[in-house]
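A look at the structure
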Amino acid sequence: MSRILIFWRGALFLAIIVALTMAFLPHPPALPIDHYGDKFEHVLAFSTIALLAAFAYPRTPLLRLTEHLSFLGALIEVGQSMPILGRDCDIRDWIADTVAVIVVLLLVKAFRKARAR
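First things first, this report covers the structure right here in the doc. (Residues numbered from 1 in each chain as written. Predicted model: local features only at pLDDT ≥ 70, side-chain atom pairs only at ≥ 80, totals over all residues. Heavy atoms only, no water.)

1. Considerations on helix α1 (residues 3–24)
Helix length check: α1 (22 residues) gives 31 Å between terminal C-alpha atoms against 32 Å at 1.5 Å per residue, within 8%. Every buried residue of α1 is listed here: Leu5, Leu12, Ala15, Ala19 and Ala23. Considered in projection along α1, the buried side chains sweep an arc of 95° and stay on one side of the axis. Away from the buried face of α1 by more than 90 degrees, exposed residues Arg3, Phe13, Leu14 and Val18 are located. Looking at the packing, one finds that the buried side of α1 touches α2 (38–56) and α3 (62–79). (Helix = DSSP H or I, 4+ residues; strand = E, 2+ residues; numbered from the N terminus. Expected span 1.5 Å × (residues − 1). Buried < 20%, exposed > 50% of the residue type's maximum accessible area, 1.4 Å probe, protein only. Arc of directions from axis to C-beta. Contact = heavy atoms within 4.5 Å.)

Pasting the structure below:
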């Protein structure tokens, strides 16, 4: 495996760990972007993860990446329904995650298509 793929996969791993940590902390720390709202945070996190996934796994079909990342968002929401966390399971958060992934991966697809010409 090339060094560049190792780099992108490491960055993806770290981004997912940060997202999971923030999602499962009962009281996550305040962030400078908090005033933009919860959905903005979801879109930002999953846009970043989707872009990193496209670079980390360039040969994986984008539809498969979409499916897996959407499933990750769903699992986070289900996990947040555990009463011990004091968090809420919100389908709108999962929708925001999934829409962010779809938009970013469609842009990646368009970029790859334009680059191939």
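2. Looking at the packing of α1 against α3
Between α1 and α3, the least distance of the axes is 10 Å, while the angle of their chain directions is 25°. Considering the angle they form, α1 stands roughly parallel to α3. For the element pair α1 and α3, the recorded crossing hand is right-handed. Contacts between α1 and α3 involve Ile16, Leu20, Ala23 and Phe24 from the former and Leu72, Leu75, Ile76 and Gly79 from the latter. Looking at the contact of α1 with α3, its residues break down into seven nonpolar, one polar and no charged. (Axes fitted to C-alpha atoms, helices over the stretch in contact; angles between N-to-C directions. Parallel < 35°, antiparallel > 145°, perpendicular 65-115°, else oblique. Left-handed = near helix turned anticlockwise from the far one by under 90°. Nonpolar A, V, L, I, M, F, W, Y, C, P; charged D, E, K, R; others polar.)

3. As for the pattern of salt bridges
A full pass over the atoms with the stated rule returns four salt bridges. With a shortest N-O distance of 3.4 Å, aspartate 90 and lysine 39 are connected by a salt bridge. Highlighted residues: aspartate 90 in the loop between α3 and α4 (91–116) and lysine 39 in helix α2, separated in sequence by 51 residues. Residue aspartate 90 is classed as buried on the basis of its relative accessible area of 14%. Relative accessible area serves as the criterion here: at 31%, lysine 39 is assigned to the partly exposed category. In this structure, arginine 92 engages aspartate 90 in a salt bridge whose closest nitrogen and oxygen atoms are separated by 3.1 Å. For arginine 92, a relative accessible area of 55% corresponds to the exposed category. Each of Asp38, Lys39, Asp90, Arg92 and Asp93 takes part in salt bridges that share partners, so that together they form one network. (Salt bridge = Lys/Arg side-chain N within 4 Å of Asp/Glu carboxyl O.)

What is shown is where atoms sit, not what they do.
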